[in-house]
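Residue-level listing of the chains:
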Amino acid sequence: MNDDDVIICRCEEVTKGDIRRAIRSGATTFKAVKKFTRAGMGLCQGRTCRRLILQILAQETGQTPGQLAPGSYRPPTRPVPLAALKGEES
Amino acid sequence: MKGPDVVVVGGGVIGTAVTYYLAKQGADVLLLERAELGGETSSACDGFVILQSKSPGVHLALALASAELYRGLADELDWDIEYRNCGGLIVIEREEELPAMRTFMAKQQAIGLDVRLLLGDEVRRLEPALAPHIVGATYSPQDSQVNPLQVVLGFAQAARRLGARVRQGVPLQTLRRAGARVSAVVAGGEEIPAGAVVLCTGVFTPELLTPLGVELPLRPRRGQLVVTEPAPPLVHHIFLCARYIAAKYHPELLAAAEDEALRLGVGLALEQTGSGGFLIGSTREFVGWDKRTTPLGIREIVRHATRILPALAQLNAIRTFAGLRPYTPDGLPFLGPVPGWENLYIAAGHEGDGIALAPITGRLMAELILTGRTSFPLTDFAVDRFARGKDQGGQLKVTP
């Protein structure tokens, strides 16, 4: 079955096919897939797709998801209004 | 066994550019990247190809030559680097900053940059989202933006097509010396004979040179950035502020400042990227190798940015990150041979200008390595320029 059209990262609209192509052209870590495709870089910061991407990476590279570095989590980890980050009432 | 003509060390924007231009000239090139392409400074920066921020002189002249190469680069590389000739603004918040900006601008005009001063409502007509207190801005239609990662990937894949080999996950261990030459590099447990070696290793360059007894005055300087959720177009240009210029060229003035934002070297660098999100920077801090973001740094960046563009306060931040920029005392990169060596070169130390200067750096380094001559004089970028000033020996400081 061809599931290349399945959307993996909804925030950035990245499909399974996009991710497979990135892996096959040398992006063999979570970090590299993210940089190639922008998967996981959108509004939810990979909350949904991180595990899916690791699964695809594992399949394509013949590893288990546990063997792969999961990538970094960057603060604030959930959307925070800039008005709040200013640390003032506004 | 015969090795490659040139081994390029470092797969950031500079290393991939050097690899590409060498391969374009027909050289047999091997690029060694210790982790992955664009994994350090080149993926933790903005995508400005901004000319207005360059010091009027050889720095701006070099940037103008680089901007010219960027125009045709997407076609040449056959890769979408998201190049946009959007124009740029350096926003002036205080009347006191006007005279210095006028002088800076006049010198830039003399070198051939199209830059003009827009006052008050003139600049708000161009960017209605600017706050009412903004005094004005210098504007250049020549400023542009790119996606830095796509530039790295674009150079790398085009170089591969021209026959270059790009190897990731292969750290440089040792340079083998034979007289005044590097005979081979040892990397990834393998000894690779090399015709020439060029270090495009940014902030990591000094640690590679120390074993050779060469000291390079290059230090990591942290820049923190904030990314927002995608938003409809709010601004149409890339933005810096006049204070950024001060933070860039006069860190000594900032270190003593009372104001928290000034001490952190916060100067606005803002763009709305191709994906609609805002990339907002930045601090300029000397904190060693610490790549973390700090609540204080982020707070000062956000305060500064929302003061200039109040509508930003409504947006959500989705990510913060920091990168280390290779700072040099005069704001210019090191481009040239390592004194005392016949075939060892450095292209590093671009601080926040690596993206803007990558194409010209790649092209000039290729010319230098393959022909011994360059179409743009590199005297001001000499690797030993600081050592020469200090003791008239004309030699880089070398420990026995």
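Quick note: structure is the one above.
What you see is a predicted model, and the numbers here were worked out from it, not measured in a lab. (Residues numbered from 1 in each chain as written. Chains lettered and ligands numbered in written order. Predicted model: local features only at pLDDT ≥ 70, side-chain atom pairs only at ≥ 80, totals over all residues. Heavy atoms only, no water.)

Student: In this structure, what is going on with the interface of chain A and chain B? I would like to understand it.
Tutor: Reports often express the size of an interface as the amount of accessible area lost when the parts come together. At the interface, 25 residues of chain A touch 29 residues of chain B. Taking both partners together, chain A and chain B bury about 2200 Å²; carbon and sulfur atoms supply 57% of that area. Sorting the residues of chain A by area buried against chain B places Lys 35, Leu 82 and Lys 86 of chain A first, and these three jointly supply 31% of that buried surface. Applying the counting rule to chain A against chain B returns 1 salt bridge. Lys 35 of chain A is the partner of Glu 36 of chain B in a salt bridge, and the nearest nitrogen-oxygen pair spans 3.3 Å. One can count 14 residue pairs in polar contact (both at pLDDT 80 or more) joining chain A with chain B. Taken together, the elements giving at least two residues each to the side of chain A that touches chain B come down to α2 (30-37), β3 (80-81) and α4 (82-85) of chain A. Here the element with the most residues in the side of chain A that touches chain B is α2 of chain A; it accounts for 4 residues. Of the strand pairs in this sheet, β3 of chain A and strand β17 (residues 316-327) of chain B are connected by 2 bridges, and their pairing is antiparallel. Across the sheet, the residue bridging to Pro 81 of chain A is Asn 316 of chain B, located in β17 of chain B. (Contact = heavy atoms within 4.5 Å. Buried area = accessible area lost by both parts, 1.4 Å probe. Salt bridge = Lys/Arg side-chain N within 4 Å of Asp/Glu carboxyl O. Polar contact = N/O pair within 3.5 Å; in protein donor to acceptor, adjacent residues only side chain to side chain. Helix = DSSP H or I, 4+ residues; strand = E, 2+ residues; numbered from the N terminus. Pairing = 2+ DSSP bridges.)

Student: What am I meant to see in the sheet that holds strand β10 (residues 181-187) of chain B here?
Tutor: Sheet strands line up and pair through hydrogen bonds in the backbone, either parallel or antiparallel. All names here are of chain B. Strand order in the open sheet formed by 3 strands is β9-β10-β11, and the pairing between neighbours is antiparallel. Sheet topology places β9 (172-178) and β11 (190-193) at the edges, where each strand pairs with a single neighbour. Each strand of the sheet is rotated relative to its neighbour by a mean of 30°, with strand direction disregarded. Pairing of β10 with β11 involves 4 bridges; the strand directions are antiparallel. (Axes fitted to C-alpha atoms, helices over the stretch in contact; angles between N-to-C directions.)

Student: Any chance you could explain the packing of aromatic side chains here in plain terms?
Tutor: The relation between two aromatic rings is expressed through the spacing of the ring centres and the mutual angle of the planes. In total, this model carries 6 aromatic pairs over all chains according to the counting rule given. Between Phe 204 of chain B and Trp 289 of chain B, the aromatic rings sit 5.5 Å apart at their centres with planes inclined by 15°, giving stacked as the arrangement. Of this pair, Phe 204 of chain B sits in the loop between β12 (196-199) and α7 (205-209) while Trp 289 of chain B is found in the loop between β16 (278-281) and α11 (295-308), placing the two residues 85 residues apart along the sequence. Put simply, the rings of Tyr 20, Tyr 21 and Phe 155 of chain B pair up and form one aromatic cluster. Taking the ring centre of Tyr 73 of chain A as reference, the NZ or CZ of Arg 50 of chain A above it sits at 3.8 Å. (Phe/Tyr/Trp six-rings, centres within 6.5 Å; stacked < 30°, edge-to-face > 60°. Lys NZ or Arg CZ within 6 Å of the ring centre and 35° of its normal.)

Student: Please clarify how the pattern of salt bridges should be interpreted in this entry.
Tutor: Note on pairing: side chains with opposite charge can pair once their charged atoms come close. Summed over all chains, the structure comprises 29 salt bridges over all chains. Between Asp 114 of chain B and Arg 116 of chain B there is a salt bridge, and its shortest N-O distance comes to 3.3 Å. Accessibility expressed as a relative area gives 33% for Asp 114 of chain B, which makes it partly exposed. Across the pair Arg 222 of chain B and Asp 290 of chain B runs a salt bridge, and its minimum N-O distance is 3.6 Å. Remark: Asp 290 of chain B occurs in the loop between β16 and α11 and Arg 222 of chain B occurs in strand β13 (residues 219-228); sequence separation between them is 68 residues. With a relative accessible area of 3%, Arg 222 of chain B lands in the buried category. What you see here is one network of salt bridges that share partners, running through Asp 3, Asp 4, Lys 16, Arg 20, Arg 24 and Glu 60 of chain A. (Buried < 20%, exposed > 50% of the residue type's maximum accessible area, 1.4 Å probe, protein only.)

By themselves, these are just geometric observations and shouldn't be taken as functional.
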